[in-house]
Amino acid sequence: MSGGVRIINEDQRVISNCFVDLAGEGTHAALCLMNGIPNSPAFGYDQVKRALVAFNTAVHCRENIVIGYISAARQEPILAPQDCTFANNLIVSTTGPLVRIMTVPSGITWEGNILFGTESGLPGGAGVTVSDPKLTRAADGLWRPAPNSPALGAAAGDFPFVTTDIDGQPRPARKDIGCDQQSAAPVLYRPLTTAEVGPAWKK
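Structural notes, computed from the coordinates. (Residues numbered from 1 in each chain as written. Predicted model: local features only at pLDDT ≥ 70, side-chain atom pairs only at ≥ 80, totals over all residues. Heavy atoms only, no water.)

Some words on the sheet that holds strand β10 (residues 99-101)
- A sheet is described by the order of its strands in space; here four strands give the open sequence β1-β4-β7-β10, paired in parallel fashion. Either end of the sheet is taken by a strand with one partner, and the two such strands are β1 (5-7) and β10. Averaged over all pairs of adjacent strands, the angle between strand axes in this sheet comes to 15 degrees, irrespective of strand direction. (Pairing = 2+ DSSP bridges. Helix = DSSP H or I, 4+ residues; strand = E, 2+ residues; numbered from the N terminus. Axes fitted to C-alpha atoms, helices over the stretch in contact; angles between N-to-C directions.)

Structure follows, in structure tokens:
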């Protein structure tokens, strides 16, 4: 089962990632914010606080964002995620909901996100737009916004520390939503091919 990023503890930043065709659910979702354990032992999870999940793209994943994961097999007290921000993420999938809230968080902020394909899993309100982002698959296999995409130049907030995209191309003042910034600048990072990874005997 292929999964993405599991977020625990305080002040984590998950920025400019691309998740495609991941089959994981629950703790193996593309992005999962865990619940914390009061006075957690070293092998447990402290409460998620002030996490920033921004400028990520998820396409055709089984589960995209899970908030406050809780296992029916565990009975100890839990601490829901607190004061977290989801900003300028782009999610496209036909399996839903696109966001699954298992434990209601406190102080959560949504801004500049585009969700499309099925039910969002979120109550109506600011910070989430349901609209076709018009993604096209590029030659390198990544899904990128087409020239007429509503994601272009539409990012909310400032985020001055987000200076490059997934390719290493610069992000100007008018940032695009998602992991990719439309740019003519040189590509510094690219996806690895199967010929470049793994043991030689499997090629």
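What about the environment of I114?
- With respect to the helices, strands and loops of the structure, I114 is situated in strand β12 (residues 113-116).
- Residue classification places I114 among the buried positions, given a relative accessible area of 4%.
- The spatial distance from the C-alpha of I114 to the C-alpha of F86 is 11 Å, given a sequence separation of 28 residues. (Buried < 20%, exposed > 50% of the residue type's maximum accessible area, 1.4 Å probe, protein only.)

Some remarks on the side chain of S149
- Mapping S149 onto the fold places it in the segment after β15 (143-145).
- Reaching out from S149, the side chain makes a polar contact with the backbone oxygen of P133 at a distance of 2.5 Å. (Polar contact = N/O pair within 3.5 Å; in protein donor to acceptor, adjacent residues only side chain to side chain.)

Observations regarding the environment of D83
- For D83, the location among the structural elements is in the loop between β7 (65-69) and β8 (85-87).
- Distance in space between the C-alpha atoms of D83 and W143 is 30 Å, their sequence separation being 60 residues.
- Only 3.3 Å separates the side chain of D83 from the side chain of Q82, close enough to count as a polar contact.

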